Amino acid sequence: LRDNQCEDRTDSAVWQLPTFPATREEVTLHLRDYILSIAEHYDRNAPLSSDAQRLLRAAADHLSDHVPPDLIVVGSGGKGVATFTPWIGFFNRLQAHSPQAGIYVVYLFAEDLQSVTLALLQGITQISEEHGWQEARRILAERAAGFRRSLGNQALHGLMPSLALGSRAKRQAGYTAGTIAALRYNVASLPNEDALLLDLTRILSLYRQVGRTSSGN
(Lines give C-alpha, C1' and ligand atoms only; values in the text may rest on other atoms or scores of the structure.)
Protein backbone atom coordinates (compact mmCIF):
# COMPACT_ATOMS: atom_id res chain seq x y z
CA LEU A 1 0.00 0.00 0.00
CA ARG A 2 1.27 3.50 -0.76
CA ASP A 3 1.05 6.64 1.34
CA ASN A 4 -2.19 8.66 1.57
CA GLN A 5 -4.93 10.77 3.30
CA CYS A 6 -8.44 12.18 3.01
CA GLU A 7 -10.81 14.97 4.23
CA ASP A 8 -14.46 16.04 4.07
CA ARG A 9 -14.84 19.26 6.06
CA THR A 10 -18.25 20.31 4.81
CA ASP A 11 -21.36 21.24 6.71
CA SER A 12 -23.37 18.01 6.98
CA ALA A 13 -26.56 19.96 7.64
CA VAL A 14 -26.52 21.79 4.30
CA TRP A 15 -24.30 19.74 1.95
CA GLN A 16 -26.05 17.76 -0.75
CA LEU A 17 -25.23 16.33 -4.14
CA PRO A 18 -26.30 18.44 -7.10
CA THR A 19 -29.44 17.16 -8.81
CA PHE A 20 -28.24 17.99 -12.30
CA PRO A 21 -24.71 18.06 -13.79
CA ALA A 22 -23.13 21.49 -14.06
CA THR A 23 -22.97 23.15 -17.47
CA ARG A 24 -19.80 22.06 -19.19
CA GLU A 25 -17.29 24.78 -19.93
CA GLU A 26 -15.82 25.21 -23.38
CA VAL A 27 -12.31 24.61 -22.06
CA THR A 28 -11.77 21.66 -19.73
CA LEU A 29 -8.63 20.50 -17.96
CA HIS A 30 -7.14 17.04 -18.05
CA LEU A 31 -7.07 15.22 -14.71
CA ARG A 32 -3.36 15.86 -14.15
CA ASP A 33 -3.62 19.55 -15.00
CA TYR A 34 -6.66 19.90 -12.76
CA ILE A 35 -4.85 18.36 -9.76
CA LEU A 36 -1.78 20.52 -10.36
CA SER A 37 -3.89 23.67 -10.65
CA ILE A 38 -5.54 23.05 -7.28
CA ALA A 39 -2.22 22.21 -5.61
CA GLU A 40 -0.60 25.36 -7.00
CA HIS A 41 -3.38 27.88 -6.46
CA TYR A 42 -5.46 26.74 -3.47
CA ASP A 43 -5.13 29.09 -0.50
CA ARG A 44 -7.16 28.52 2.63
CA ASN A 45 -6.91 32.21 3.46
CA ALA A 46 -8.38 33.24 0.13
CA PRO A 47 -12.14 33.89 -0.17
CA LEU A 48 -14.54 31.21 -1.35
CA SER A 49 -14.88 33.24 -4.55
CA SER A 50 -11.21 32.68 -5.43
CA ASP A 51 -10.18 31.02 -8.69
CA ALA A 52 -9.15 27.78 -6.95
CA GLN A 53 -12.44 27.55 -5.08
CA ARG A 54 -14.38 28.12 -8.29
CA LEU A 55 -12.27 25.49 -10.03
CA LEU A 56 -13.10 23.01 -7.27
CA ARG A 57 -16.80 23.71 -7.60
CA ALA A 58 -16.48 23.13 -11.35
CA ALA A 59 -14.98 19.66 -10.86
CA ALA A 60 -17.84 17.99 -12.73
CA ASP A 61 -17.19 20.17 -15.79
CA HIS A 62 -13.61 18.98 -16.00
CA LEU A 63 -13.64 15.41 -14.72
CA SER A 64 -17.02 13.80 -15.45
CA ASP A 65 -15.81 12.45 -18.79
CA HIS A 66 -13.19 10.37 -16.95
CA VAL A 67 -15.71 8.33 -14.93
CA PRO A 68 -18.82 6.25 -15.67
CA PRO A 69 -22.03 8.26 -16.13
CA ASP A 70 -23.64 6.87 -12.98
CA LEU A 71 -21.07 8.64 -10.81
CA ILE A 72 -21.43 12.23 -9.67
CA VAL A 73 -18.28 14.36 -9.43
CA VAL A 74 -18.12 17.02 -6.71
CA GLY A 75 -15.23 19.25 -5.66
CA SER A 76 -15.07 21.35 -2.51
CA GLY A 77 -12.81 23.74 -0.68
CA GLY A 78 -15.23 24.02 2.24
CA LYS A 79 -18.64 25.45 2.99
CA GLY A 80 -18.76 28.83 4.71
CA VAL A 81 -15.13 28.49 5.78
CA ALA A 82 -12.33 27.18 3.58
CA THR A 83 -11.08 23.72 4.46
CA PHE A 84 -7.44 22.88 5.14
CA THR A 85 -7.67 19.91 2.78
CA PRO A 86 -9.65 20.45 -0.45
CA TRP A 87 -11.11 17.41 -2.13
CA ILE A 88 -12.72 16.02 -5.27
CA GLY A 89 -15.18 13.19 -4.70
CA PHE A 90 -16.87 10.58 -6.89
CA PHE A 91 -20.24 9.39 -5.62
CA ASN A 92 -22.61 6.60 -6.53
CA ARG A 93 -25.99 7.45 -5.03
CA LEU A 94 -26.48 3.82 -3.98
CA GLN A 95 -23.32 3.90 -1.85
CA ALA A 96 -23.08 7.49 -0.60
CA HIS A 97 -25.39 10.50 -0.67
CA SER A 98 -22.76 12.87 0.74
CA PRO A 99 -19.19 12.82 2.09
CA GLN A 100 -20.61 12.40 5.59
CA ALA A 101 -21.89 8.80 5.25
CA GLY A 102 -21.59 5.76 3.02
CA ILE A 103 -18.60 4.98 0.81
CA TYR A 104 -17.07 7.08 -1.93
CA VAL A 105 -13.87 7.68 -3.90
CA VAL A 106 -11.99 10.91 -3.30
CA TYR A 107 -8.85 12.84 -4.16
CA LEU A 108 -7.84 14.55 -0.94
CA PHE A 109 -5.07 17.14 -0.80
CA ALA A 110 -2.76 17.23 2.21
CA GLU A 111 -2.78 20.39 4.28
CA ASP A 112 0.58 21.49 2.85
CA LEU A 113 -0.67 20.77 -0.72
CA GLN A 114 2.52 18.83 -1.40
CA SER A 115 0.65 15.56 -1.86
CA VAL A 116 -2.74 14.31 -2.93
CA THR A 117 -4.29 10.96 -2.08
CA LEU A 118 -6.75 8.91 -4.10
CA ALA A 119 -8.78 6.91 -1.61
CA LEU A 120 -11.71 4.57 -1.21
CA LEU A 121 -13.19 6.03 1.94
CA GLN A 122 -16.05 5.70 4.37
CA GLY A 123 -17.86 8.87 5.39
CA ILE A 124 -17.14 9.75 9.01
CA THR A 125 -19.33 12.66 10.05
CA GLN A 126 -22.65 10.88 10.56
CA ILE A 127 -21.18 7.96 12.46
CA SER A 128 -19.12 10.26 14.71
CA GLU A 129 -22.26 12.23 15.56
CA GLU A 130 -24.05 9.01 16.46
CA HIS A 131 -21.28 7.29 18.45
CA GLY A 132 -18.64 9.89 19.31
CA TRP A 133 -15.23 10.09 17.70
CA GLN A 134 -13.48 7.30 19.58
CA GLU A 135 -16.16 4.67 19.04
CA ALA A 136 -16.68 5.85 15.47
CA ARG A 137 -13.02 5.26 14.70
CA ARG A 138 -13.25 1.74 16.10
CA ILE A 139 -16.34 0.93 14.04
CA LEU A 140 -14.91 2.44 10.86
CA ALA A 141 -11.60 0.60 11.24
CA GLU A 142 -13.44 -2.67 11.82
CA ARG A 143 -15.62 -2.13 8.75
CA ALA A 144 -12.62 -1.10 6.62
CA ALA A 145 -10.75 -4.25 7.62
CA GLY A 146 -13.78 -6.31 6.64
CA PHE A 147 -13.99 -4.65 3.24
CA ARG A 148 -10.27 -5.29 2.68
CA ARG A 149 -10.71 -8.96 3.56
CA SER A 150 -13.56 -9.26 1.08
CA LEU A 151 -11.54 -7.54 -1.65
CA GLY A 152 -8.52 -9.74 -1.09
CA ASN A 153 -4.77 -9.16 -1.16
CA GLN A 154 -4.43 -9.40 -4.92
CA ALA A 155 -6.95 -6.62 -5.58
CA LEU A 156 -5.27 -4.42 -2.96
CA HIS A 157 -1.67 -5.03 -4.01
CA GLY A 158 0.33 -1.79 -3.96
CA LEU A 159 -2.35 0.16 -2.10
CA MET A 160 -2.28 1.56 1.41
CA PRO A 161 -4.88 0.92 4.13
CA SER A 162 -4.58 4.32 5.78
CA LEU A 163 -4.06 8.05 5.22
CA ALA A 164 -1.55 10.67 6.35
CA LEU A 165 -2.68 14.28 5.90
CA GLY A 166 -0.09 15.75 8.22
CA SER A 167 -2.66 16.45 10.92
CA ARG A 168 -3.44 14.78 14.26
CA ALA A 169 -6.91 16.29 14.54
CA LYS A 170 -9.77 13.95 15.41
CA ARG A 171 -11.37 14.34 12.00
CA GLN A 172 -8.19 13.28 10.23
CA ALA A 173 -7.88 10.33 12.61
CA GLY A 174 -11.39 9.40 11.53
CA TYR A 175 -10.36 9.46 7.88
CA THR A 176 -7.47 7.18 8.66
CA ALA A 177 -9.77 4.70 10.40
CA GLY A 178 -12.34 4.88 7.61
CA THR A 179 -9.93 4.31 4.73
CA ILE A 180 -10.38 1.07 2.84
CA ALA A 181 -7.58 1.58 0.29
CA ALA A 182 -5.54 4.50 -0.99
CA LEU A 183 -2.75 5.78 -3.23
CA ARG A 184 -0.66 8.81 -2.34
CA TYR A 185 1.05 11.01 -4.93
CA ASN A 186 3.70 13.64 -4.42
CA VAL A 187 2.56 16.67 -6.39
CA ALA A 188 6.14 17.41 -7.48
CA SER A 189 6.36 14.00 -9.17
CA LEU A 190 2.75 13.48 -10.21
CA PRO A 191 2.40 10.61 -12.72
CA ASN A 192 1.36 11.27 -16.29
CA GLU A 193 -2.27 11.46 -17.38
CA ASP A 194 -2.55 7.85 -18.50
CA ALA A 195 -1.14 6.52 -15.23
CA LEU A 196 -3.48 8.69 -13.17
CA LEU A 197 -6.48 7.51 -15.15
CA LEU A 198 -5.45 3.88 -14.75
CA ASP A 199 -5.22 4.36 -10.99
CA LEU A 200 -8.59 6.09 -10.88
CA THR A 201 -10.17 3.28 -12.89
CA ARG A 202 -8.68 0.76 -10.50
CA ILE A 203 -10.01 2.46 -7.37
CA LEU A 204 -13.42 2.93 -8.99
CA SER A 205 -13.45 -0.80 -9.74
CA LEU A 206 -12.82 -1.51 -6.05
CA TYR A 207 -15.63 0.92 -5.26
CA ARG A 208 -18.04 -1.18 -7.30
CA GLN A 209 -16.82 -4.39 -5.69
CA VAL A 210 -17.35 -2.94 -2.23
CA GLY A 211 -20.82 -1.83 -3.30
CA ARG A 212 -21.72 -5.37 -4.35
CA THR A 213 -20.34 -6.72 -1.06
CA SER A 214 -22.25 -4.28 1.12
CA SER A 215 -25.50 -4.82 -0.82
CA GLY A 216 -25.16 -8.56 -0.58
CA ASN A 217 -25.01 -9.06 -4.33
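Residues numbered from 1 in each chain as written. Predicted model: local features only at pLDDT ≥ 70, side-chain atom pairs only at ≥ 80, totals over all residues. Heavy atoms only, no water.

1. Focus on the pairing of strand S2 (residues 87-91)
Walk down a regular strand and you will see the side chains alternate between the two sheet faces.
Phase 1: In terms of burial, S2 is a largely internal element, five of the five residues being buried.
Phase 2: Across the two faces of S2 the burial is the same, with Trp87, Gly89 and Phe91 and Ile88 and Phe90 all buried.
Phase 3: The pairing of strand S1 (residues 72-76) with S2 spans five bridges and is antiparallel. Note that in S2 the partner of valine 73 across the bridge is phenylalanine 90.
Phase 4: As paired strands, S2 and strand S3 (residues 103-109) are joined by four bridges and run antiparallel to one another. Each bridged residue has a counterpart across the sheet, and for phenylalanine 90 the counterpart in S3 is valine 105. (Buried < 20%, exposed > 50% of the residue type's maximum accessible area, 1.4 Å probe, protein only. Helix = DSSP H or I, 4+ residues; strand = E, 2+ residues; numbered from the N terminus. Pairing = 2+ DSSP bridges.)

2. Observations regarding the confidence of the model for the protein
Phase 1: Within the protein, residue pLDDT values average 84, and 82% of them lie at 70 or more.
Phase 2: Across residues 1-26 the pLDDT falls below 50, and counting only partners more than four positions away or on other chains, this stretch makes 105 contacts in the model. (pLDDT = per-residue confidence, 0-100. Contact = heavy atoms within 4.5 Å.)

3. Brief notes about the packing of aromatic side chains
Phase 1: Taken as a whole and assessed by the stated rule, the structure comprises three aromatic pairs.
Phase 2: Taken together, a centroid distance of 5.1 Å and an interplanar angle of 20° make the contact between phenylalanine 91 and tyrosine 104 stacked. Of this pair, phenylalanine 91 sits in strand S2 while tyrosine 104 sits in strand S3, and the two are 13 residues apart along the sequence. Comparing phenylalanine 91 with tyrosine 104 shows no difference in burial state: the two are buried.
Phase 3: Three or more aromatic residues link up through ring pairs in this structure, and these residues are Trp87, Phe91 and Tyr104.
Phase 4: Looking at arginine 44, its charged tip hangs above the ring of phenylalanine 84, at a distance of 3.8 Å from the centre. (Phe/Tyr/Trp six-rings, centres within 6.5 Å; stacked < 30°, edge-to-face > 60°. Lys NZ or Arg CZ within 6 Å of the ring centre and 35° of its normal.)

4. Describing the pattern of salt bridges
Phase 1: The final tally for this structure, using the stated rule, is four salt bridges.
Phase 2: A salt bridge links aspartate 70 to arginine 208; the nearest nitrogen and oxygen atoms lie 2.9 Å apart. Within this pair, whereas aspartate 70 is found in the loop between helix H3 (59-63) and S1, its partner arginine 208 is found in helix H7 (residues 193-215), the two being separated by 138 residues in sequence.
Phase 3: We classify aspartate 70 as partly exposed; its relative accessible area is 36%.
Phase 4: Assessed through its relative accessible area of 30%, arginine 208 is described here as partly exposed.
Phase 5: Of the charged contacts, one joins glutamate 135 and arginine 138 as a salt bridge, the two residues approaching to 2.6 Å between their closest N and O atoms. Here glutamate 135 pairs with arginine 138, and both are found in helix H5 (residues 133-151), just three residues apart, close to one helical turn.
Phase 6: Residue classification places glutamate 135 among the partly exposed positions, given a relative accessible area of 31%.
Phase 7: Overall, the relative accessible area of 43% leaves arginine 138 in the partly exposed class.
Phase 8: A network of salt bridges, in which partner residues are shared, links Glu135, Arg138 and Glu142. (Salt bridge = Lys/Arg side-chain N within 4 Å of Asp/Glu carboxyl O.)

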